[in-house]
Structures are given as C-alpha cells and as structure tokens.
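# Examination of the molecular architecture
The lines below spell out each chain.
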Amino acid sequence: MTSFRLSHRMARLTCLAALALAAGAASAHGDVTPQAVDTKSLPQLGDTWRAENPYRGHAEAIKIGTSAYNQNCARCHGLEAISGGIAPDLRKMDGECATLKDAKRKQACVNEIDEYFLTTARRGRVRNGAVYMPPFEGILSQEAMWSIKAYLETRREKPL
C-alpha cells in the first residue's frame, strides 16, 4: 500500500473514532443518573407538599442543599449556580423579590418564586416536545428540593 493511501486511511479512521467519541459524549449527557440526597437530619415535612420553603435560612438544609445541587443540578445550571449558558442562572431566580420595599408585595413575590421553583423541580420543563429539565418528583424528596432552594437563596445575586 502506498504511503498516500495509508495516511488517507489513517486520517479516515481517526475521523471516525473522533465522531464515535463525540456521539458517545452527547448521548452520555442525557443519561445522567440523579443522586440520592440524605435528608434524615432535617425536620421531615410529610406527604403534603409545602407551598413555601420551610428551610429558608436553615443551616443544615443549606449544607444538604449545596451537596444536592452539586450532584443533581450543577451539570446544567453551573457550579455555584452560575450558569454557563446551558440552563438559566439560578442566582437570578428571586432577585426581583429582594429589591421590593413593601413587605406584603415582597412576601407575595417570594411565595410565587417558591411555587415556580417547586413546580419546575417536581414536573420539569418541556417546550415543543423537547425536555429542557427532567422532572425530579419521585426521585428527590420534598426535603431535598426545599434544601436545594435554601442553598440557591444563599447564591442570590445582590441587587445593585
């Protein structure tokens, strides 16, 4: 075999190997296995889903939520909730509420964001048939979800 044919064949094999690796990496992204979250050290919330975060400011919940976020959310939403562009930057989720001066309006805003967060975490987000976020209900407990929200509240961007 000539040198030209050999180098051409090697180039094709290298290209095919690179494509196979890329295809494997792309399919692995969709195969993320959610990680269990140990919430035994937290007050248990029972079967009825809470309307607002019962762990707001709770040090142990924030610690658990930090780990749970890193294991289950950071891949898309970024380390320390700083998005790299794949999914929304969760530091901005309730930033508008923090700027409100009126206590009633502020509480209503916080409650609305809590509801939005919980609905999204439980049911996921699908647009035009494409899954943008998988549902975590039945995978993560209520305690785990609210712990993640407690952690995210510590990451909130400060208003200017």
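Before reading further, recall that the structure is shown in the block above.
Read on for an overview of the structure. Every chain's residues receive numbers from 1 upward, in the order its sequence appears when written. Since the coordinates come from a predicted model, pLDDT governs what is reported: local features require at least 70, and pairs of side-chain atoms require 80 or more to be given and counted, while whole-chain, interface and lining totals use all residues. Excluded from the side-chain calculation are hydrogens and water; included are all heavy atoms of the structure.

## Considering the overall build of the chain
- Runs of H or I in DSSP of at least four residues are treated as helices and runs of E of at least two as strands, each being numbered from the N terminus. Helix and strand counts for the chain come out as six helices and two strands.
- Helices (α) and strands (β) of the chain occur, in sequence order from the N terminus, as α-α-α-α-α-β-β-α.
- Taking all 160 residues of the chain together, 33% fall into the buried category.
- By definition in these notes, contact holds between two residues if any of their heavy atoms fall within 4.5 Å. For the chain, long-range pairs separated by at least 24 residues make up 64% of all intrachain contacts whose partners lie at least 6 apart in sequence. Exposed residues in this analysis have more than 50% of their type's maximum accessible area, buried residues have under 20%, and partly exposed residues fall in between, with area computed by a 1.4 Å probe over protein chains only.

## Notes on the side chain of His77
- Relative to the elements of secondary structure, His77 occurs in helix H3 (residues 74–77).
- Judged by its relative accessible area of 10%, His77 falls in the buried class.
- Distance and chemistry together define a polar contact, namely a pair of N or O atoms within 3.5 Å, with one atom able to donate a hydrogen and the other to accept it when in protein, and with adjacent residues in sequence counting only for side-chain atoms on both sides. Of note is the side chain of His77, whose polar atom sits 2.9 Å from the backbone oxygen of Pro88.

## Points about the packing of helix H5 (residues 103–123) against helix H6 (residues 142–154)
- With axes taken as lines fitted to C-alpha atoms, and helix axes fitted only over the stretch in contact, angles between N-to-C directions fall between 0 and 180 degrees. Where H5 meets H6, the axes come as close as 11 Å, and the angle between the chain directions of the two elements is 130°. What the angle tells us is that H5 and H6 run oblique. With respect to the hand of their crossing, H5 and H6 are arranged in right-handed fashion. Taking contact as the criterion, the partners of Ile113, Asp114, Phe117, Leu118, Ala121 and Arg122 in H5 are, on H6, Met145, Trp146, Ile148, Lys149, Leu152 and Glu153.
- Gly is placed with the polar residues, together with every amino acid not listed as nonpolar (Ala, Val, Leu, Ile, Met, Phe, Trp, Tyr, Cys and Pro) or charged (Asp, Glu, Lys and Arg). Classifying every residue of the contact of H5 with H6 gives eight nonpolar, no polar and four charged. The scheme is simple: roughly parallel for angles under 35 degrees, roughly antiparallel for over 145, roughly perpendicular for 65 to 115, oblique for anything else. Working rule for handedness: look at the near helix, and if it is turned counterclockwise from the far one by less than a right angle, call the crossing left-handed; if clockwise, right-handed.

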